[in-house]
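Structure at a glance
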Amino acid sequence: MTESAQQQQQQRIFERLSQAVVDMDETLAEKIATMIVHEGLDCTKAIETGLGEGMARVGKLYETGEYFIPDLLVCADALQKASDILKTGLYQYPLSKGRVVIGTIYGDTHDLGKNIVTLFMTSAGYEVLDLGKDVPARLFVDEAVKWNADIIAISTLMTTTMKNIKDVIDLLVTEKKREQFWVMLGGKPISYNFAAKIGADGYAQNAVQAVKFLDNTISKLRRY
Amino acid sequence: MIVDVLSPKERLKKTLSGEAVDRPPVICPGGMMNAAIVDVMNKTGHTLPDAHHTSDKMSDLAYDVYENTGFENFGIPFCMTVEAEALGSTINFGSLECEPKIQKEVFPSVNDVTFLPAGTIENCNRAGAVIQAIYLLSEKHPEIPVIGSLTGPISTAASIVDPMTFLKQLRRERELSHQVIDYVTEQLMGYAKLMADNGATAISIADPTATGEILGPKIFEEYAVYYLNKIADAVHELRIPVIVHICGDVRMVKPQLQKLHSEILSVDAIVDLKKLKDELNNTPTMGNISTYLLEFGQPDTVFKQAKHLLSKNIDILAPACGLSTSTPLTNITAFTSAVKEG
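For the structure given in this document, a descriptive report is provided here. (Residues numbered from 1 in each chain as written. Chains lettered and ligands numbered in written order. Predicted model: local features only at pLDDT ≥ 70, side-chain atom pairs only at ≥ 80, totals over all residues. Heavy atoms only, no water.)

1. Quick look at the packing of helix α3 (residues 55–69) of chain B against helix α5 (residues 125–140) of chain B
Residues and elements named next belong to chain B.
- Orientation of α3 relative to α5, taken along the N-to-C sense of each, is 50°, at an axis distance of 8 Å. In terms of orientation, α3 lies oblique with respect to α5. Crossing geometry of α3 relative to α5 is assigned as right-handed. Every residue of α5 that contacts α3 at S55, M58, S59 and A62 is listed here: A129, V130, Q132, A133, L136 and L137.
- Among the residues making up the contact of α3 with α5, the classes are represented as seven nonpolar, three polar and no charged. (Axes fitted to C-alpha atoms, helices over the stretch in contact; angles between N-to-C directions. Helix = DSSP H or I, 4+ residues; strand = E, 2+ residues; numbered from the N terminus. Parallel < 35°, antiparallel > 145°, perpendicular 65-115°, else oblique. Left-handed = near helix turned anticlockwise from the far one by under 90°. Contact = heavy atoms within 4.5 Å. Nonpolar A, V, L, I, M, F, W, Y, C, P; charged D, E, K, R; others polar.)

As C-alpha cells, then:
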C-alpha cells in the first residue's frame, strides 16, 4: 500500500471511531480503539481527530437541540472508554492544552452541569481538577495556586449562590493573585453581564461554549 | 379597603376547578418553592432547620410564613429531601439560611436500587411530621388552603441514584429505569394520598430534574409526563387538585406539557406565561415572578411586575422557582399586596 493510501485508510478508521462516539456505541468505540492500538496506528491522532471530532459533532447536535443531556453523557462514556484504550498505545503523553480548576460554588450542591463541562473540557484535551460541589472560595484559590492552573471555572445553578462567586474573585484580588488566572463562570442564572460585573474574564452558556472559551483563551496565554 | 368575599381556600379551590373568581390567588406551595425566609424566622423565632423535623414546629413556621408574607396558603414541607431520605439517601439539613440538600445518593446506579416495602415514605418520621402538620393546620385554619408539596418522581429517583449515571441509564437501561421510577412513583403516591386524606387542599409536585432542557422531548414524555400523570391520577381519585411545576425553558416540550393531567402548570421566569397559555389551548397557568427580582429588586419593581402578570390573566400568581432564603420580606409583601389590591 502506498503511504497516501495508508493514510486514507487510517483516516477512514478515525472517522468510524468518531461516528461510534456520535452514535453512543460504546462497544464499537472500544473495538475500534483496540484495533488502532493493535495495528500500531497513530494513537495521538486517533484521540485528536477520531474522538475530538466525535465530541465536537456531539456538541453541535446538543446545541441544535437534537441531543440532550442523557445523550451527551452516553457519548462521553463511549469517548472515555475508547480514550483509555488509545492511551495505552501512546509512546508519549500528549501535551496538555491547559489546566483548569473547576467546581460548584459554596452553598450549591448542583453539580450536573459542572460535571458535563468537565467531561467536555477533558475530552477536548485539557487537564481538569474537579473540586466537586459546595466549594469555598479559599479552596478554589489554594488549589489553583498549588496546581499551577491557568483557569478557574466556577459554576452555580441557583440565583441564591451567585453572589458567593464574587468571593473567589475578591480573594484573588486581595491576595494579589488575580493576574495569575483567568476566571470563567457558567450555570443557569449566570449571564455575560453578571460575569463582567463581578470582574470575571468570561462566561460560557454551555459545555460546548466553555471549550470554545478555553480554546480562545489558552492561545493567549504565554505558557502554551 | 377591599373586602375579600372568598376565603383564600375557596378562591384557590375555585381557581383550580376552573371556576370564575374575584381575583387570582397568590401562593407559594412549599417544597422546592419554600417561603420560610430568614426575615420571617428572625422575626418569629420559629426557625429552620428545627422545623424540618416536628409537626408542631413545622406548622408554627408555616403559619408564620402565611401571616408575614401575605401568601394565601400554608406550604409544607420546607425542602425537597423528605422522600429521598425515607428511601435511603443521606441528608444535610443545612442551617437557618441554607436549605437541606442530598449529601449522598444512596445507590450508584439503577441496578443497585433496593426496593423497600410500600408505605416506606409515609412511615418515616419526617413525612409523618409533614402529614401531621397538614392535619393540624387544616383543622385549625379551615379557611386557609394547605398545600402538600411533593418532590417529583424523576427528581426523587435522581436523589437516590447518582444523577449522572441515572440520566445515562434513562437512555441505556430503559426497563430498569422504568422499574426504579415506578417504584419511586408508587411510594410518592402513597405519601400524596395521605397528605390529601389529612386535609391538604392541593398537592403540588415540583420535578426540577425533569426539564425539557435536560431530558429532551422524548425522554421527558416517556418518563416525566408518564409518572407525573400517574401521581396526579392517584391524587385525583381523592378529588384533590394537582399543581405541577416544570423548571427551565419549556420551549422544547410544549406538546408534552399538554399531556399533563394536573389542574395547573407552573413554570420558570424564563417562560412567557401569557404566550404559553395561548399556545397550550388556554391551559391554566401559575407563576412566575422572578426569584432573582424578589431577592435583589426593589419593592416598587416587584410591585410593577406583579401588576404586569395580573394584566396577562395568569390564573395563580406565585414565585417562578425556589426562593432564596435571604429574599427581603418587603419584596414578598410588595408582590402579594399587588395581587390582593386587585
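Still more to cover.
2. Some remarks on helix α8 (residues 174–197) of chain B
- Over its 24 residues, α8 of chain B extends 34 Å from the first C-alpha to the last, a length consistent with the 34 Å expected when each residue adds 1.5 Å.
- Just downstream of α8 of chain B lies G199 of chain B, where phi reads positive at about 110°. (Expected span 1.5 Å × (residues − 1).)

3. Quick look at the interface of chain B and chain A
- Listed by partner, the interface residues are 25 residues for chain B and 22 residues for chain A.
- For the pair chain B and chain A, the summed buried area comes to about 2000 Å², and 63% of that belongs to carbon and sulfur atoms.
- At the boundary of chain B with chain A, the tally comes to seven salt bridges.
- The partner of K168 of chain B in a salt bridge is D77 of chain A, and the shortest N-O contact between them spans 3.1 Å.
- Counting every contact that joins chain B to chain A gives six residue pairs in polar contact (both at pLDDT 80 or more).
- Put simply, the parts of the chain that give the side of chain B that touches chain A at least two residues each are α7 (163–172), α9 (212–236) and α12 (291–296) of chain B.
- Of the residues that constitute the side of chain B that touches chain A, the class distribution is 10 nonpolar, seven polar and eight charged. (Buried area = accessible area lost by both parts, 1.4 Å probe. Salt bridge = Lys/Arg side-chain N within 4 Å of Asp/Glu carboxyl O. Polar contact = N/O pair within 3.5 Å; in protein donor to acceptor, adjacent residues only side chain to side chain.)

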